[in-house]
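Per-entry structural report
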Amino acid sequence: MYEIRDNVSKHTNVYDVLKERGFIKQTTHEEEIRELLEKEKVTFYIGFDPTADSLHVGHFMQVIIMMYMQKYGHTPIVLIGAGTAMIGDPSGRTDMRQMMTPETILENGEKFKTTFSRFIDFDGGKAICENNANWLLDLKYVDFIRDIGRHFSVNRMLTAECFKQRLETGLSFLEFNYMLMQGYDFLELYRRYNCKMEFGGDDQWSNILAGVDLVRREEQEQVFGMTFALLTTSEGKKMGKTQKGALWLDAEKTTPYEFYQYWRNVEDADVRTCLSMLTFLPMEEVEELSSLKDAKINHAKEILAFEVTKLVHGEEEANKAQDAARALFAGGGSMDDVPKTVMSAEKFDGEGVGIVTLMAEIKLVPSKGEGFRTIQQGGLSIDGEKVKDTKLMVTKDMFTDGQLLLKKGKKTFHLIELK
RNA sequence: GGAUGGGUGCCCGAGUGGCGAAGGGGCCAGACUGUAAAUCUGGUGCCGACUGGCAUAACACCGCAGGUUCGACUCCUGCUCCAUCCA
């Protein structure tokens, strides 16, 4: 469990804290929300559809919001969307999501739950974990459209931002229903837990409004919604995407070292946003670090990378990742935690192993063809020396203390260790 | 159900008988640098240890299956999926 320190902000109202950090994008009622958060302990919810087997950085932003809310005394409901995942949210998509089997959805949901409990305290009702499969799957079609469907105007839905794109490329009735499902979630949570707010990424705005509306119509009660900026680069591209796909929180899918490197390499222009939204450093410190210029900003990036890695993978892993990065890029330091493969020494007896074969074997390149190309283009070095010959045989005597460091391109390192 | 248009490599997208398929994006590498950006250059089917091999070996040769042809992404037939309009 990660604890947010008290010095994170001078503000006492979490609304001001979130505002200060640049999270808030749209609100249904700004003043009322601020006031409510000031006066009351509020129960709020954020939904997560288990469409993958690990959370990614986009989800993580939402988790951070919940951490802030919890720190300031409010009660988060983590809503696992096993029910809604059966439908698939069309928001911001140009094509339909692939249908998922209930088994995968269930499994993913379980993994989500474990991850959440690393950041949010579920003890003694301080947070609640719910699953909308609990009510959505048992709905009766006719009852549902009579009771809930009647509150939704198709005319209005069609004008909603989230369907705009899909009206051009095609939208099935299945997906069209997503909004009703999500709206209904809010109603259920209001009834069960007196949940008064729904938060989400800015792409969830239409869905959130649907819920706020529905609760008002069904219960004659005012509830609230708020969306948060999506994590984007200064050029508006989504952050947290790597060539391999998303940047996952699960160490199996994205190693702490890779995770660290991602943040170590963000663009100068994005340092501020990242520090502010993804770390709990006090704002003065954020300002100070992000105002560093030229090469000095690397210092800020190092802190960013360390802090975010620490948050996600713990201090020990963060230290290891940092040590490894320093050893590789700055020279010196411990090579213990550099990405590596241990291989048996006999393998390198006699003729040895072809360099390209070796590269492919340790997954430094996806195919041997790529390996040849890399070497031909001068993209590979061994222990700091550029490899010119694609026919190079790697033998035992090339290792120093049983280690050999391969470097592909500028930033990809891999250590081979003999055993 | 009918009519029309369309399915091309990671993505977008050209191509109407010689294509391992233009162009762009992305990605990889080189130069410059600060593990940044921008810019410029090269590369990007697979295999491989080489100026070679492979589509009767594959995830992967232009949606799938046949046919015409010396030769098919290109022509023909059937199927399938998508979009638009009509019912």
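Residues numbered from 1 in each chain as written. Chains lettered and ligands numbered in written order. Predicted model: local features only at pLDDT ≥ 70, side-chain atom pairs only at ≥ 80, totals over all residues. Heavy atoms only, no water.

As a further point, take the pairing of strand β15 (residues 412–418). Most of β15 sits inside the fold, with 5 of its 7 residues counted as buried. Sheet topology places strand β14 (residues 403–408) next to β15; 6 bridges connect them, and they run antiparallel. Bridging from a neighbouring strand, Lys407 pairs with Phe413 of β15. Where β14 folds back onto β15 in an antiparallel hairpin, the turn is made up of 3 residues, including Gly409, whose phi is positive at roughly 65°. (Buried < 20%, exposed > 50% of the residue type's maximum accessible area, 1.4 Å probe, protein only. Helix = DSSP H or I, 4+ residues; strand = E, 2+ residues; numbered from the N terminus. Pairing = 2+ DSSP bridges.)

Another point: the protein's contact with RNA strand B. Near RNA strand B there are 35 residues, and of these Asn265, Asp268, Arg373, Thr390 and Lys391 occur at the shortest range. The protein-proximal atoms of RNA strand B, defined as those within 4 Å of the protein, are 57% sugar or phosphate. Contact between RNA strand B and Gln261: a base oxygen at 2.7 Å from a side-chain N or O atom of the residue. In the model, a base nitrogen of RNA strand B is placed 2.9 Å from a nitrogen or oxygen of the Thr357 side chain. (Near = heavy atom within 4 Å. Polar contact = N/O pair within 3.5 Å; in protein donor to acceptor, adjacent residues only side chain to side chain.)

With mixed pairing, 6 strands are arranged side by side in an open sheet as β1-β6-β5-β2-β3-β4. In this open sheet, the two edge strands, each paired with only one partner strand, are β1 (24–27) and β4 (128–131). With direction set aside, neighbouring strand axes in the sheet form an average angle of 25°. Of the strand pairs in this sheet, strand β5 (residues 197–201) and strand β6 (residues 224–228) are connected by 5 bridges, and their pairing is parallel. Bridging across to β6, Phe199 finds its partner in Met226. Packed onto the sheet, helix α3 (residues 57–71) meets β2 (43–48), β3 (75–80), β5 and β6 and runs at close to 165° relative to β2. Against the sheet, helix α4 (residues 102–116) makes contact with β2, β3 and β4, and its axis sits at roughly 160° relative to β3, the strand it touches most. (Axes fitted to C-alpha atoms, helices over the stretch in contact; angles between N-to-C directions. Contact = heavy atoms within 4.5 Å.)

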